Amino acid sequence: MISHYESVRHAALYTEAFNVPAPDQLPGRDIWPRRPSLFIRQTPATVEADVETIPAGRELVPGQFGLPPAWAKSASDAKLRSSKLLNARPDSVVGSKHFDKAWKESRRCIVPMMAFFVDDWRTGQPVPTRIARVDGRPMGVAGLWERWGSEEGESVTGFCLLTVGSYGHGLLHRYDPPGAEKRMPVILNEGAYDAWLNAPLSKAAEFMRSYPANWMTANPVEKG
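Per an unreviewed UniProt entry, the recorded name for the protein chain is Abasic site processing protein, and the organism is Malikia spinosa.

Put into structure tokens, the structure is as follows:
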């Protein structure tokens, strides 16, 4: 499970790498479950004055790391349960109590990050390791978002990361505890961002593939 990632900390990079306006407020560097962060979703096409059509685009939205289930009974319940809903498997989202609605209603998103963290267990002890792109550029990870709301006006917006198996991956096969299922986030190619957000539901699964190992780098986290 990916439960910790490093956010994009330079406002200009959101515009440069993801073609969205720079945020007024940046998230913290280290994003853990239920921590506030940012994600990118599609804005629908709109018609102004019945004349001009504004095409669909991208918007940067604040939300917590962790999907608040739509069926939760209260805001506190939604937040509590979201801490376990960080990753979703594309092969089992359909019919899932937690993810089915977000998937079928195409609430797809892109999660900007500089890196994510996994444990290297090859020595028998967990060594926190930072996984990033070789070129140091931000990564856009495919995700799902959800908004829980009540009649009283309370709301919780959050997101999860989509993951795929990494058993045969040239880099990430070596991580995670012995015996645990090996998975990695779905890192999108930069040219596929709009396609991922706009693809029909029948095509969404086509984006669920692993990122090339030679485009990634792994470095142990230095202890402060």
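Examining the overall build of the protein chain
Within the protein chain, the regular secondary structure consists of four helices and 14 strands. The globule rule puts the C-alpha radius of gyration for 224 residues at 17 Å, and the 18 Å found for the protein chain is close to it. For the protein chain, the C-alpha atoms occupy an extent of roughly 65 × 40 × 35 Å along the three principal directions. In the protein chain, which comprises 224 residues, the share counted as buried stands at 46%.

Examining the layout of surface pockets
To find the voids left in a structure, one rolls a probe of water-molecule size over its atoms. The calculated volume of the largest pocket comes to roughly 340 Å³. Lining the largest pocket we find 17 residues, and of these His4, Phe117, Val118, Asp119 and Pro128 sit closest to its centre. Mapped by element, the contributors of at least two residues to the lining of the largest pocket are β9 (115-120), β10 (127-133) and β14 (216-220). For the lining of the largest pocket, the leading source of residues is β9, giving three residues. Of the residues that constitute the lining of the largest pocket, the class distribution is nine nonpolar, three polar and five charged.

Focus: the side chain of Arg108
If you trace the backbone, Arg108 turns up in strand β8 (residues 108-113). For Arg108, which is buried and forms no salt bridge, the nearest opposite charge comes from Glu206, at a distance of 11 Å. A distance of 2.8 Å separates the side chain of Arg108 from the backbone oxygen of Trp196, its partner in a polar contact. Excluding residues within four positions of it along the chain, Arg108 makes contact with Ile40, Arg41, Gly143, Leu144, Trp145, Trp196, Leu197, Asn198, Ala199, Pro200, Leu201 and Ala204.

What about the sheet that holds strand β1 (residues 5-6)?
Within the open sheet, the five strands sit side by side as β2-β1-β9-β10-β14. Their pairing is antiparallel. Looking at strand neighbours, the two that pair on one side only are β2 (30-31) and β14, the edges of this open sheet.

Some points on helix α1 (residues 11-18)
When we look at burial in α1, the residues that qualify are Leu13, Tyr14, Ala17 and Phe18. Across the axial projection of α1, the buried residues extend over an arc of 110°, all falling on one side. The outward face of α1, more than 90 degrees from its buried face, is lined by the exposed residues Ala12 and Glu16. Just beyond α1, the residue with positive phi is Asn19, at close to 55°.

Here's the deal with the pattern of salt bridges
Under the criterion given, the structure shown has 17 salt bridges. Among the salt bridges present, the one from Arg137 reaches Glu16, with a minimum N-O distance of 2.8 Å. Here Arg137 is found in the loop between β10 and β11 (139-149), whereas its partner Glu16 is found in helix α1, with 121 residues between them in sequence. Judged by its relative accessible area of 23%, Arg137 is partly exposed. Taking the shortest distance from any N to any O, the salt bridge between Glu146 and Arg107 comes out at 3.1 Å. Of this pair, Glu146 sits in strand β11 while Arg107 sits in the loop between α3 (100-104) and β8, and the two are 39 residues apart along the sequence. No difference in accessibility class separates Glu146 from Arg107, as the two residues are buried.

Overview of the state of the cysteines
Cysteine pairs can be covalently joined through their sulfur atoms, and such a bond is termed a disulfide. Tallying each qualifying case throughout the model produces zero disulfides. Its sulfur unpaired, Cys109 is 7.1 Å from the next cysteine sulfur, which belongs to Cys160. Relative accessible area serves as the criterion here: at 0%, Cys109 is assigned to the buried category. Among the residues examined, Cys160 registers a relative accessible area of 0% and is labelled buried.

So, the packing of aromatic side chains
All told, the structure shown has seven aromatic pairs when counted by the stated rule. A centroid spacing of 5.6 Å and a plane angle of 50° characterise the contact between Phe39 and Phe159, whose relative ring orientation is tilted. With Phe39 in strand β3 (residues 36-43) and Phe159 in strand β12 (residues 155-165), this residue pair connects regions lying 120 residues apart in the sequence. Taking relative accessible area as the criterion, Phe39 reaches 0% and is therefore assigned buried. Members of the aromatic cluster, joined through ring pairs, are Tyr5, Phe39, Phe65, Trp145 and Phe159. Positioned above the aromatic ring of Trp71, the side-chain terminus of Lys97 is 4.1 Å from the ring centre. For Arg107, the ring lying beneath its charged end belongs to Trp145, and the centroid distance is 5.9 Å.

Here is what the cut-offs are and how they apply
- Residues numbered from 1 in each chain as written.
- Predicted model: local features only at pLDDT ≥ 70, side-chain atom pairs only at ≥ 80, totals over all residues.
- Heavy atoms only, no water.
- Helix = DSSP H or I, 4+ residues; strand = E, 2+ residues; numbered from the N terminus.
- Rg over C-alpha atoms; globule rule 2.2 N^0.38 Å.
- Buried < 20%, exposed > 50% of the residue type's maximum accessible area, 1.4 Å probe, protein only.
- 1 Å grid on protein atoms, 1.4 Å probe; cavity = no way out; pocket = protein on both sides within 12 Å on 5 of 7 lines; lining within 4 Å.
- Points joined across faces, edges and corners; volume = space filled by probe spheres on them.
- Nonpolar A, V, L, I, M, F, W, Y, C, P; charged D, E, K, R; others polar.
- Lys, Arg positive; Asp, Glu negative; His and termini not counted.
- Salt bridge = Lys/Arg side-chain N within 4 Å of Asp/Glu carboxyl O.
- Polar contact = N/O pair within 3.5 Å; in protein donor to acceptor, adjacent residues only side chain to side chain.
- Contact = heavy atoms within 4.5 Å.
- Pairing = 2+ DSSP bridges.
- Arc of directions from axis to C-beta.
- Disulfide = S-S within 2.5 Å.
- Phe/Tyr/Trp six-rings, centres within 6.5 Å; stacked < 30°, edge-to-face > 60°.
- Lys NZ or Arg CZ within 6 Å of the ring centre and 35° of its normal.

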